[in-house]
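# Fold and contact review
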Amino acid sequence: MWVEKYRPHKLEDVMNQTEVKERLRPLLEKKDEMPHLLFAGPPGTGKTTIATILAEQLLGPLKPDYTLSLNASDERGIDIVRERVKVFASYSDRREGVPFRLVILDEADEMTRDAQTALRRIMEESSRFTRFILICNYSSGIIEPIQSRCAIFRFQRVVGEDVVGQLKKIAKAEGVKASEKVLEAVYEATSGDLRQAINLLQAASAGAGEVTIERVNAVTGSAVKHRAAEIIGLALDGDFEASRVKLVELTRVYGVPESDFLRYANEAITGSNTETMAGAIKIIAEYDYRLLMGASPEIQLTAMLAELASLKKPKIKE
Ligand SMILES: Nc1ncnc2c1ncn2[C@@H]1O[C@H](COP(=O)(O)OP(=O)(O)O)[C@@H](O)[C@H]1O
Ligand SMILES: [Mg+2]
């Protein structure tokens, strides 16, 4: 994975985020005075990277023993916060050269309110020996009493010039040819999310010495196709809510046009070979027509998913 291979290990190698880096440097000089930190901003902009760099610089070789990192893949209900974080944060052992124990909570805005309230209490009780770095997309997802205990750092989308610069460096190191124009297309498709940009470059270069616009388009196209198929699959499975959420993500976050979605949806269904196929195709055709007539795409597509979901016959309970 190129994203991991080229993850910066020094603050000065992190692209953009100038303000964040400038405010962090003095904190590294006076370790004992470091406050809790809250990193907020869009995905793929360096939040986890910088948290990891800080942990290394603050704790050095003792980092593994004195850092607890939890991310979204971990269970994060109130029990985990109580147990794992509390136990870890409440040790009061001190070692020469170790200023504090460090807890890094990635995607902290996904934690329930109850869990955040428990966390707040732990932060208060353990603040002599423990510092927290909380990472989130939106600071509004963090309860106010935690926000007010943290120094907040806002991360920005990485600008085009820097995305292209970083991609250039990686392409060179990997011996892959890619023109400026191609790298700009990669940036355009990923809007300042460097993780996505690097992943796209890697996917588009697989098995080829040169990355072309066509390959970039093929990869973004196939990613959209894959997502559209997943949405249709969920709907046909009767899971309207999950399919609706993913549709909103696809159109709003990835900016995929509704007409593209319908085309891919149609392909996905034609290839699905299920007993509901004929009915599903009729539904898609109907909504395709409505969109053509100028109806509101989001409402129509949501209604379409509802209709697809209702094709699934309810299981007869015994
Ligand atoms: N500002 C950046 N400078 C250099 N590389 C970055 C930057 N932001 C993200 N990356 C690349 O993207 C990958 C994911 O970054 P990460 O810090 O995990 O993002 P997030 O903001 O979602 O936590 C990193 O491994 C690195 O390769
Ligand atoms: Mg992250």
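Residues numbered from 1 in each chain as written. Chains lettered and ligands numbered in written order. Predicted model: local features only at pLDDT ≥ 70, side-chain atom pairs only at ≥ 80, totals over all residues. Heavy atoms only, no water.

## Section: the pattern of salt bridges
Between side chains of opposite charge, pairing is possible as soon as their charged atoms come close. Quick reminder of the rule: For salt bridges, the criterion is a side-chain nitrogen of Lys or Arg within 4 Å of an Asp or Glu carboxyl oxygen. A run of DSSP states H or I qualifies as a helix once it reaches four residues; a run of E qualifies as a strand once it reaches two. Both are numbered from the N-terminal end. Buried, partly exposed and exposed residues are distinguished by accessible area as a fraction of the type maximum, computed with a 1.4 Å probe on protein chains only: under 20%, between the cut-offs, and over 50%, respectively.
For the structure shown, the criterion picks out 11 salt bridges. Put simply, K225 and E267 hold a salt bridge, and the shortest N to O gap is 4.0 Å. Of the two residues, K225 is situated in helix α11 (residues 213–236) and E267 in helix α13 (residues 258–270); the sequence distance between them amounts to 42 residues. Taking relative accessible area as the criterion, E267 reaches 39% and is therefore assigned partly exposed. For E241, the salt bridge is made with R244, and the minimal N-O distance between the two is 2.8 Å. With E241 and R244 both in helix α12 (residues 240–253), this residue pair falls 3 residues apart, about one helical turn. Here R244 falls in the partly exposed class, since its relative accessible area comes to 27%. Ionic contacts of the salt-bridge type, sharing partners, join the residues R120, E124 and R149 into one network.

## A short note on the nonpolar core
In summary, soluble globular proteins display a tendency toward joint burial of nonpolar side chains. Defined as follows: The set of buried Ala, Val, Leu, Ile, Met, Phe, Trp, Tyr and Cys residues whose side-chain atoms join them within 4.5 Å is what this entry labels a nonpolar core. Here, two residues are considered to be in contact whenever any of their heavy atoms come within 4.5 Å of each other.
Formed by 27 residues in total, the largest nonpolar core has its most connected members in L24, L37, F39, I50, L54, I133 and F153. Looking at this core, the elements with two or more residues in it are α2 (18–29), β1 (36–40), α3 (47–59), β3 (101–105), β4 (130–136) and β5 (150–154). The element best represented in this core is α3, accounting for 7 residues. If near-sequence neighbours (up to four positions away) are discounted, I50 is found in contact with L11, V14, V20, K21, L24, F39 and F155. Counting 24 residues, the second-largest nonpolar core is a separate cluster that includes L38, L70, A108 and L134.

## A short note on the domain arrangement of the protein
What counts, and what does not: Where a domain begins and ends is set by an automatic assignment or by a domain database.
Along its sequence, the protein is carved into domain 1 (17–154), domain 2 (160–221) and domain 3 (238–310). Put simply, the middle of domain 2 and the middle of domain 3, counted by C-alpha atoms, are 30 Å apart.

## Overview of the sheet that holds strand β2 (residues 67–70)
Note the cut-off: Two strands form a pair only when DSSP identifies at least two bridges running between them. Note on method: axes are straight lines fitted to C-alpha atoms, helices fitted across the in-contact stretch only, with angles between N-to-C directions ranging 0 to 180 degrees.
Taken in spatial order, the 5 strands make up an open sheet running β2-β3-β4-β1-β5, and their pairing is parallel. Edge positions in the sheet fall to β2 and β5, since each has one partner strand and no second. Recorded for the sheet is a direction-independent mean angle of 15 degrees between the axes of neighbouring strands. One ladder, built from 4 bridges, connects β2 with β3; its direction is parallel. Its bridge partner lying in β3, S69 is registered against I104. Together, β2, β3 and β4 form the strand contacts of helix α5 (residues 78–90), whose direction differs from that of β2 by roughly 160 degrees. Sitting on the sheet, helix α6 (residues 113–125) touches β1, β3, β4 and β5, and the angle it makes with β4 is about 150 degrees.

## A look at the environment of N71
Inspection of the secondary structure assignment puts N71 in the loop between β2 and α5. By relative accessible area, N71 is classed as partly exposed at 34%. For N71 and F39, which are 32 residues apart along the polypeptide, the C-alpha to C-alpha distance reads 14 Å.

## What to know about the layout of surface pockets
Test applied: In this analysis the probe radius is 1.4 Å and the grid spacing 1 Å, with only protein atoms considered; a cavity is a set of points the probe fits into but cannot get out of, a pocket is an open set with protein on both sides within 12 Å along at least five of seven lines, and lining residues have an atom within 4 Å of a point. Grid points are joined across faces, edges and corners, and a volume is the space filled by probe spheres set on the points. Note that Gly is not counted as nonpolar here; it falls among the polar residues with everything else outside the nonpolar set of Ala, Val, Leu, Ile, Met, Phe, Trp, Tyr, Cys and Pro and the charged set of Asp, Glu, Lys and Arg.
The volume enclosed by the second largest pocket comes to roughly 600 Å³. Contributing to the lining of the second largest pocket are 29 residues, with G44, T45, G46, T49 and R195 lying nearest its centre. Mapped by element, the contributors of at least two residues to the lining of the second largest pocket are α1 (2–5), α3, β4 and α10 (194–205). When the residues that make up the lining of the second largest pocket are grouped by side-chain class, the tally is 12 nonpolar, 8 polar and 9 charged. When residues of the lining of the second largest pocket are sorted by domain, at least three fall in each of domain 1 (17–154) and domain 2 (160–221).

## A closer look at the site of ligand 1
Our working rule: We call a residue near a molecule or strand as soon as one heavy atom of that residue lies within 4 Å of the molecule or strand. Polar contacts, as counted here, are pairs of nitrogen or oxygen atoms within 3.5 Å of one another; within protein the pair requires one atom able to donate a hydrogen and one able to accept it, and residues that are adjacent in sequence qualify only if both atoms are side-chain atoms. Per-residue accessibility takes into account occlusion by the displayed protein chains alone, with areas from the Shrake-Rupley method and a 1.4 Å probe. Those molecules having more than half of their atoms within 2 Å of a cavity or pocket grid point set are described as sitting in that cavity or pocket.
Taken together, 17 residues sit near ligand 1, with V3, G44, K47, T48 and T49 positioned nearest. Between ligand 1 and the protein, one listed contact pairs an oxygen atom with a backbone N or O atom of T45 at 3.1 Å. Residue T48 places a side-chain N or O atom 2.7 Å away from an oxygen atom belonging to ligand 1. Protein chains shield 98% of the accessible area of ligand 1, which is 550 Å² for the free molecule. Applying the majority rule of atoms within 2 Å of the grid points places ligand 1 in the second largest pocket. Here the residues of the shell around ligand 1 are counted per class, giving 9 nonpolar, 5 polar and 3 charged.

## As for a nonpolar patch on the surface
Basically, it comes down to this: For patch detection, residues must exceed 30% relative accessible area and be free of salt bridges, and they are connected within 9 Å for like charges or within 5 Å for nonpolar side chains (Val, Leu, Ile, Met, Phe, Trp, Tyr).
Residues Y289, L292 and M293 make up a contiguous nonpolar surface patch of about 390 Å² in total accessible area. Locating M293 in the fold gives a position in the loop between α14 (277–292) and α15 (297–310).

## Things to note about α6
The criterion, for reference: Residue count minus one, scaled by 1.5 Å, sets the expected span of a helix. Read the arc as the range of directions from the helix axis to the C-beta atoms.
Counted at 1.5 Å a residue, the expected span for α6 with its 13 residues is 18 Å, and the 19 Å between its end C-alpha atoms agrees. Those residues of α6 that sit buried are A115, Q116, A118, L119, I122 and M123. Taken around the axis of α6, the buried residues stretch over an arc of 160 degrees, which confines them to a single face. Residues of α6 that are exposed and point over 90 degrees away from its buried face: R113, D114 and E125. On its buried face, α6 sits against β1, α5, β3, β4, α7 (144–147) and β5.

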